[in-house]
Amino acid sequence: MLVSYHRVNELGVITIDNPPVNALSYGVRKGILEAITTAHADDSKAVVILCEGRTFIAGSDISEFGKPIAEPSLPQVNAAIEALAKPVVAAIHGTALGGGFELALSCHYRCALESAFVGLPEVTLGLLPGAGGTQRVPRLIGVQAALDMMTGGQKIAASKALKLGLIDRVLSGSMKDGALAYARELVASGTGPRRIRDMSIAPESFAGEAFDAYRNRLNQRKRGQESPQKIVDCVEAAITMPFDEGLAYERSSFIERSQSEQSAALRHIFFAERQAPKVLGLDKNITPRSIDQVAVIGAGTMGGGIAMSFANAGIPVTLLELNQGGLDAGLALISQNYSVTVGKGKLSEEEAATRQALISGTTDYAALASADLVIEAVFESMDVKKQVFGRLDEVCKAGAILASNTSYLDVYEIAAATTRPLDVVGLHFFSPANVMRLLEVVRAEQTADDVVATVMRLGKRIGKVPVLAGVCFGFIGNRMLRQYAREAQLCMIEGAEPGQIDGVLTRFGMAMGPLAVGDLAGLDIGYKSRQALTAEQRGDPRSYAIADTLVEMGRLGQKTGAGYYRYDSHTRARSANPDVLAVIKAEAEKYGVSRRALSDEEILNRHLMALINEGFRILEEGIAQRPSDIDAVYVHGYGFPAYRGGPMFYASRLGLDKVYGCIDDLYKRTGEAYWKPAPLLAKLAENNQSLEDWVASND
Ligand code: T1G
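This is a predicted model, so every value here is computed, not measured.

## Side note on empty space enclosed by the protein
- Counted according to the given criterion, the structure contains one cavity of 30 Å³ or more.
- If you trace the largest cavity, you find it lined by Leu280, Gln625, Arg626, Pro627, Trp694, Val695, Asn698 and Asp699.
- If one sorts the elements of the lining of the largest cavity by residue count, helix 30 (residues 691-698) sits on top with three residues.
- A per-class count over the lining of the largest cavity returns four nonpolar, two polar and two charged.

## A short note on the environment of valine 232
- Relative to the helices and strands, valine 232 resides in helix 9 (residues 227-240).
- Accessibility expressed as a relative area gives 0% for valine 232, which makes it buried.
- Excluding residues that lie within four positions of it along the chain, valine 232 makes contacts with Leu147, Thr151, Phe211, Tyr214, Arg215 and Leu218.

## Considerations on the domain arrangement of the protein
- Entries for the protein in the domain assignment read domain 1 (3-258), domain 2 (294-469), domain 3 (490-597) and domain 4 (601-698).
- Between the C-alpha centres of domain 2 and domain 3 the distance comes to 32 Å.

## Considerations on the site of the ligand
- As a structural note, the neighbourhood of the ligand is formed by 27 residues, with Ser60, Gly99, Glu102, Glu122 and Arg274 the closest of them.
- Residue arginine 54 places a side-chain N or O atom 3.0 Å away from an oxygen atom belonging to the ligand.
- At 2.8 Å, a side-chain N or O of arginine 274 approaches an oxygen atom of the ligand.
- Notes on the ligand: free accessible area 990 Å², of which the protein chains cover 76%.
- At the level of secondary structure, the elements contributing two or more residues to the shell around the ligand comprise strand 5 (95-97), helix 3 (99-106) and helix 11 (261-275).
- Per element, the largest residue contribution to the shell around the ligand is three residues, and it comes from helix 11.
- Residue composition of the shell around the ligand, by class: 14 nonpolar, six polar and seven charged.

## Remarks on the pairing of strand 11 (residues 317-320)
- Burial of the side chains of strand 11 extends over both faces: Val317 and Leu319 are buried on one face and Thr318 and Leu320 on the other.
- Bridge count between strand 10 (residues 294-297) and strand 11: four bridges; the pairing is parallel. Counted as the bridge partner of valine 294 is valine 317 from strand 11.
- Note that the unit made of strand 10, helix 12 (residues 301-312) and strand 11 has a crossover that is right-handed.

## Some remarks on the packing of helix 19 (residues 498-508) against helix 25 (residues 600-620)
- Running from N to C, helix 19 and helix 25 cross one another at 70°; their axes reach a closest spacing of 9 Å. Our classification of the angle between helix 19 and helix 25 gives roughly perpendicular. Where helix 19 crosses over helix 25, the two elements pack in a sense that is right-handed. Contacts between helix 19 and helix 25 involve Gln500, Ile501, Val504, Leu505, Arg507 and Phe508 on the former and, on the latter, Asp600, Ile603, Leu604, His607 and Leu608.
- Counted by class, the contact of helix 19 with helix 25 contains seven nonpolar, two polar and two charged residues.

## Here's the deal with the layout of surface pockets
- Of the voids in this model, the second largest pocket is the one considered here, and its volume is about 490 Å³.
- If you trace the second largest pocket, you find 21 residues lining it, with His268, Phe271, Ser628, Phe649 and Glu692 closest to the centre.
- Only helix 11, helix 26 (627-638), helix 27 (647-654) and helix 30 provide two or more residues apiece to the lining of the second largest pocket.
- With six residues, helix 11 is the single largest residue contributor to the lining of the second largest pocket.
- The class makeup of the residues in the lining of the second largest pocket is ten nonpolar, five polar and six charged.
- Counting contributing residues, the lining of the second largest pocket receives three or more from each of domain 1 (3-258) and domain 4 (601-698).

## Some details on the sheet that holds strand 3 (residues 46-51)
- On the basis of which strands lie adjacent, the open sheet formed by six strands has the order 1-2-3-4-6-9 and mixed pairing. Each of the sheet's edge strands pairs with one partner strand only, and the pair in question is strand 1 (3-8) and strand 9 (169-171). Geometrically, the sheet is characterised by an average inter-axis angle of 25° between neighbouring strands, direction not taken into account.
- By the bridge criterion, three bridges tie strand 3 to strand 4 (residues 88-92) in an arrangement that is parallel. Paired with isoleucine 49 across the strands is alanine 90, a residue of strand 4.

Cut-off values and rules
- Residues numbered from 1 in each chain as written.
- Predicted model: local features only at pLDDT ≥ 70, side-chain atom pairs only at ≥ 80, totals over all residues.
- Heavy atoms only, no water.
- 1 Å grid on protein atoms, 1.4 Å probe; cavity = no way out; pocket = protein on both sides within 12 Å on 5 of 7 lines; lining within 4 Å.
- Points joined across faces, edges and corners; volume = space filled by probe spheres on them.
- Helix = DSSP H or I, 4+ residues; strand = E, 2+ residues; numbered from the N terminus.
- Nonpolar A, V, L, I, M, F, W, Y, C, P; charged D, E, K, R; others polar.
- Buried < 20%, exposed > 50% of the residue type's maximum accessible area, 1.4 Å probe, protein only.
- Contact = heavy atoms within 4.5 Å.
- Domains from an automatic or database assignment.
- Near = heavy atom within 4 Å.
- Polar contact = N/O pair within 3.5 Å; in protein donor to acceptor, adjacent residues only side chain to side chain.
- Areas by Shrake-Rupley, 256 points an atom, 1.4 Å probe, with all protein chains shown as cover.
- Pairing = 2+ DSSP bridges.
- Right-handed = clockwise from strand over helix to strand, strands pointing away.
- Axes fitted to C-alpha atoms, helices over the stretch in contact; angles between N-to-C directions.
- Parallel < 35°, antiparallel > 145°, perpendicular 65-115°, else oblique.
- Left-handed = near helix turned anticlockwise from the far one by under 90°.

Structure follows, in C-alpha cells:
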C-alpha cells in the first residue's frame, strides 16, 4: 500500500509509504487523492498526512520526468487538500523537498521534527516549484525570502523554517504522537482550515525594479542558468496575478522548464552522482571495512583539505608532517579555513571547534598504528611516494587501507613498495579538498574488492561524489584535461589571444577559462611535470612553448602577479597582459606558425571535441565504468557546467554522428594522431547507436 487511510478517534490519518524517499509517483498521487476524498466524506474532525520510512515526501518522482504526466497531477492533489473543509496537518520528518513541501504548503498547518529540513530544490534540476510553491511561499514568508529560498534551492532546518513561518510547530519525541496531538489541539480550539491562497502579498513589498535588480544579481551568481530567472517571473506573478492565474502561469512555466535541455542535463547529473558509487560486477554482499580512524600524510594544502573532509563528517583524523614547523603551518591553515567558513555564517563557532578538535597532529609515524585508513598527500614524486608507502607498510596495522592522493602516478607501482598491494588504492581529491566534491577512486590491478567497496561508501559518507577510475596517466579527469589544455595552447599560438579563448569557454558555462585556470594553479606546476617527461611524452612543443617561456620569464600566474593575465596585487583582479602577446608571436615565429584569426566557434569546438574524444577512449579502455561517471568527474572536478550535463551527455545530445564528423574533420585537417576519432565513437556513429545503447549493452 503506497498510501493508506485510517482513523484515530476523531482524526483521519493519511500514511504514505513509498521507499526510499516517498517520491510522489503516480500511485502515491492517486492514493492521496483517494484518501482525501474519503476524509472529505467521513466524520473526522481533522486530517494528518505523514510518511513511513526515513523521510517525508522528497519531491515528485524525478524518474517520471520527460514522460507524459498521468493524472491526478500534483497541483490537482494539492488543490483537493487545500479545499478540504477540515484542518489538514502535514507531519514532517527527514526532508520535505520540492513537491513534497509544496504538498505540505497546501495543507493548512505544518509541524516538523527538530531534525527535519524543508526546501524547494527544483532549481538544482533546472526546474521550478511546479505545484504551487512559487505562489504560496511569497504569501507565507514574503517575496525576498521566497526568492532566496527558491533560486537557492537550499534545505532549511526546522528551527529556521519555524522562524520564517514556513512551519507552525517544531516537535520533539515521536513525530506521529506530536502531530496527532497538534491536530487535536486545532480541533479543540475550533481552529478551521487556514489556506495560504487566501493570504495576500503587499504589492509595495517588492516593486518592479526590485525584481529586475534581483534578476541582474542572478545573472552574476547563476550565470547561464534559465530556471532562476523563470522563478523570479513566477514570484512576480504572485503579486501581479490572482492566485489561480498565478498557479496557471507557474504550471505552464514548469512544463516548459521540464522539457528544457538544461533540466534534462541537470537531471542526468542528479542520477550520475548516484550511479557513480555503484561498482559494476562487485559482489553486493561484500562487507566493507569499518573506518573509524583516518590518518593523512602531508599537512600541505591538499593534506589539510583532506583532513578537513573527514573531520567535517565527524571522523577523527591524525595529520602527519615530517617536521613540527610544517605541521604547525598545516594546522594553522586548517584553523584559518574554519574561521573563514564561520565568518561567512556557514558554520557556528561551536561546530567549527568540534570539527577542528577531531584533527590531531603528529611527526611520528608510530602514531598511525591504529588508523583504519591512511591517505598519503605528499609531493608528486614516485620515489617519495614509494618511501612513504614503505614506512606505512611497517607501521600500519593489518587490514588498514593505504591510499595515495596522487593525481596521475601509477598506483600499481606505488602498491609494489608494500607487502600488502591488496590494501592499496588511489584516492584522488581535488583542491580545495574540503570543498570540491569529486573523489577519483583509483583501483589498481590488485586492489581488493572490499577495499573498493569500503572507499566508495566512505566517499559518500564524507559528502563526495566517488567515481571509480582505472590506472592510466591522469586517470579520468586529468587525462581529459591534458587534451583540453593542449587545444588552449594551440589556439593561442595559432592566432587567438588568452582573453578570447577564456571568454569562449566561460560563455559556454565553464567556471573558468583554461588559461585563467593555469594562472590560478601556477604555470610552474605544468612546467615542472614536463621536465620529468621525455620529448616524446611532452608531445608537440607548440603545445607548451608559450607556457614554458612565461615560466622562464618568472611569470607563473597569480602567485607572481602575472602569467597569461596581469593580476592586481590587492584585489587579484585580472586584466590583459600585453607582454604575453609578444611572447605568443615570438613562439609562433619560432615554430613557423602563421597566425590567423580563429572564430569563437572553432575554439569552442576544438576544446569540447578534445574532451569528448578522450572520454570515448577512456570508456573503451575501461578506465571509467560509464559515460555518466565521466560527466560526474568533469562537472564536480573541472567546472564543466552542470546545466550542460557533462562532456559525454553533451556529445549524446549533439548526436554521435555529428560528433564523429567534427572530430574526423579535425583529424583530416591536422593529421594529428590525437584527433583520430576514438574507435568506440567511430563504431557507435557508424552503427547509428547512442551512448545509452552502449551503457545498456555493458550493464
Ligand atoms: N525522485 C526519484 N528518486 C529519488 C528522488 C526523487 N525525487 N530523490 C531521491 N531519489 C532516489 C535516488 O536516486 C536514490 O536512488 C535514492 O532515492 C536515495 O537517494 C512539482 C517537480 C531526498 C535529500 O530535488 O535531494 O518535486 O540510487 O542517494 O543521500 O515542484 O535524494 O538508491 O537507486 O540521494 O539520503 C524535487 C532530490 C524533485 C530532492 C536524500 N526534489 N533528492 O538523500 O539519498 S522535483 C528533489 C534528494 C519536484 C515539484 C517538482 C536526496 C534526499 P538509488 P540519495 P540521500
